[in-house]
Amino acid sequence: ALMDYSQLSPLLTDDDRGGEPPPLDQLAQRVNDTFDAYQRSRFGYVTAQAPALLRDAILAARHADGNRRGRAHELLALSYQAAASVLTKLGESDLAWIAADRGILIAEQSGDPLATFASLFRMAHAFITLRRPEQAERVAADGAEALRPLAEHPDCDPPTLSVYGALHLVQAVVHAREGNRATTRTHI
């Protein structure tokens with residue numbers, strides 16, 4: 001699904017072949033089910049669901065208009081995150097990086113900054129598996145620094161704290177692999 005370049009631009013796609021986009025609430029449920037399965041280590045399920053989820057999310061984002069457009073982009077960004085997660089787990093690091101990269105670009109269009117930060121985490125994790133620790137650390141550090149004002153706000157919500165912690169966890173992993181205990185502890 002990631003290597004089907006006809007999905008990158010409506011100019012390369014025959015609209016008749018794409019079909020009707022799924023309703024956003026149905027797509028949101030599929031995204032939630034996929035992330036839930038990933039958290040429960042049901043990687044076979046996630047692997048089987050990810051291609052169709054991506055295709056449907058792309059279709060939904062292309063056809064959404066008005067106030068539904070931001071939500072459709074958010075669901076597409078989450079679909080790319082799900083793909084990046086399972087691809088990293090399966091050792092398909094190059095494809096995970098592509099999914100994370102596309103997820104960041106789409107997340108920025110969603111209007112939800114947290115979706116962008118979560119996509120940065122997926123990219124940093126892909127860089128770790130690609131054995132590019134400097135890039136992983138840089139992406140995670142830049143993301144954490146940009147997210148810090150929101151994370152340190154007294155009314156910070158749990159999802160923001162979770163993503164902030166995940167970005168620091170990436171940095172801790174990078175520094176632990178380098179044997180830098182003090183910096184690892186700081187990020188933990």
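Up top is the structure.
Residues numbered from 1 in each chain as written. Predicted model: local features only at pLDDT ≥ 70, side-chain atom pairs only at ≥ 80, totals over all residues. Heavy atoms only, no water.

Caption draft 1: Local environment of the environment of Leu78. For Leu78, the location among the structural elements is in helix α4 (residues 68-89). Judged by relative accessible area, Leu78 falls into the partly exposed class, the value being 22%. On a C-alpha basis, the gap between Leu78 and Gly66 in space is 20 Å, while along the polypeptide they are 12 residues apart. Not counting residues up to four positions away in its chain, the partners in contact with Leu78 are Val31 and Phe35. (Helix = DSSP H or I, 4+ residues; strand = E, 2+ residues; numbered from the N terminus. Buried < 20%, exposed > 50% of the residue type's maximum accessible area, 1.4 Å probe, protein only. Contact = heavy atoms within 4.5 Å.)

Caption draft 2: Geometry of the pattern of salt bridges. Applying the stated rule across the entire model yields 7 salt bridges. Its salt-bridge partner being Asp56, residue Arg30 comes within 2.6 Å of it at the nearest N-O pair. With Arg30 in helix α2 (residues 24-39) and Asp56 in helix α3 (residues 43-63), this pair connects stretches of sequence that are 26 residues apart. Among the residues examined, Asp56 registers a relative accessible area of 22% and is labelled partly exposed. Close ionic contact of Arg148 with Glu145 constitutes a salt bridge, the shortest N to O distance being 2.7 Å. With Arg148 and Glu145 both in helix α7 (residues 133-151) and 3 residues apart, this pair spans about one turn of that helix. Under the relative-accessibility criterion, Arg148 is labelled partly exposed at 31%. (Salt bridge = Lys/Arg side-chain N within 4 Å of Asp/Glu carboxyl O.)

Caption draft 3: Seen up close, the environment of Asp56. Once the C-alpha coordinates of Asp56 and Glu20 are considered, the two residues, 36 residues apart in sequence, prove to be 8.8 Å apart. Look past the residues within four positions of Asp56 in its chain and what remains in contact with it is Pro22, Leu27 and Arg30. At 2.6 Å, the side chain of Asp56 forms a polar contact with the side chain of Arg30. (Polar contact = N/O pair within 3.5 Å; in protein donor to acceptor, adjacent residues only side chain to side chain.)

Caption draft 4: Focus on the side chain of Thr34. Relative to the helices and strands, Thr34 resides in helix α2. For Thr34, a relative accessible area of 2% translates into the label buried. Polar contacts involving the side chain of Thr34 include one to the main-chain carbonyl oxygen of Arg30, which spans 2.8 Å. With near-sequence residues (within four places) excluded, Thr34 lies in contact with Tyr45, Val46, Gln49, Leu53 and Ala82.

Caption draft 5: Highlighting the packing of α7 against helix α8 (residues 158-177). At a closest axis distance of 9 Å, the pairing of α7 and α8 adopts a crossing angle of 150°. Regarding the angle of α7 to α8, the classification is roughly antiparallel. Remark: the crossing between α7 and α8 carries left-handed chirality. From α7, Pro133, Ala136, Glu137, Ala140, Ala141, Gly143, Ala144, Leu147, Arg148, Leu150 and Ala151 reach across to α8, where they touch Thr160, Leu161, Val163, Tyr164, Leu167, His168, Val170, Gln171, Val174 and His175. A class-by-class count of the residues in the contact of α7 with α8 yields 14 nonpolar, 5 polar and 2 charged. (Axes fitted to C-alpha atoms, helices over the stretch in contact; angles between N-to-C directions. Parallel < 35°, antiparallel > 145°, perpendicular 65-115°, else oblique. Left-handed = near helix turned anticlockwise from the far one by under 90°. Nonpolar A, V, L, I, M, F, W, Y, C, P; charged D, E, K, R; others polar.)

Caption draft 6: Examining the packing of α4 against helix α6 (residues 113-129) more closely. α6 packs onto α4 with a crossing angle of 20° between their chain directions and a minimal axis gap of 10 Å. Our classification of the angle between α4 and α6 gives roughly parallel. Relative to α6, the crossing made by α4 is left-handed. Residues Gln81, Ala84, Ser85 and Thr88 of α4 form the contact with α6, whose participating residues are Ala115, Ala118, Ser119, Arg122, His125, Ala126 and Thr129. For the contact of α4 with α6, the residue count by class is 4 nonpolar, 6 polar and 1 charged.

Caption draft 7: Layout of α7. Its axis deflected by about 30° at Glu145, α7 carries its strongest bend there, up to four residues before the proline Pro149. For α7, the full list of buried residues reads Ala136, Val139, Ala140, Gly143, Ala144, Leu147 and Ala151. Buried residues along α7 sit in contact with α6 and α8. (Bend = angle between axes of the 7 residues up to and from the residue.)

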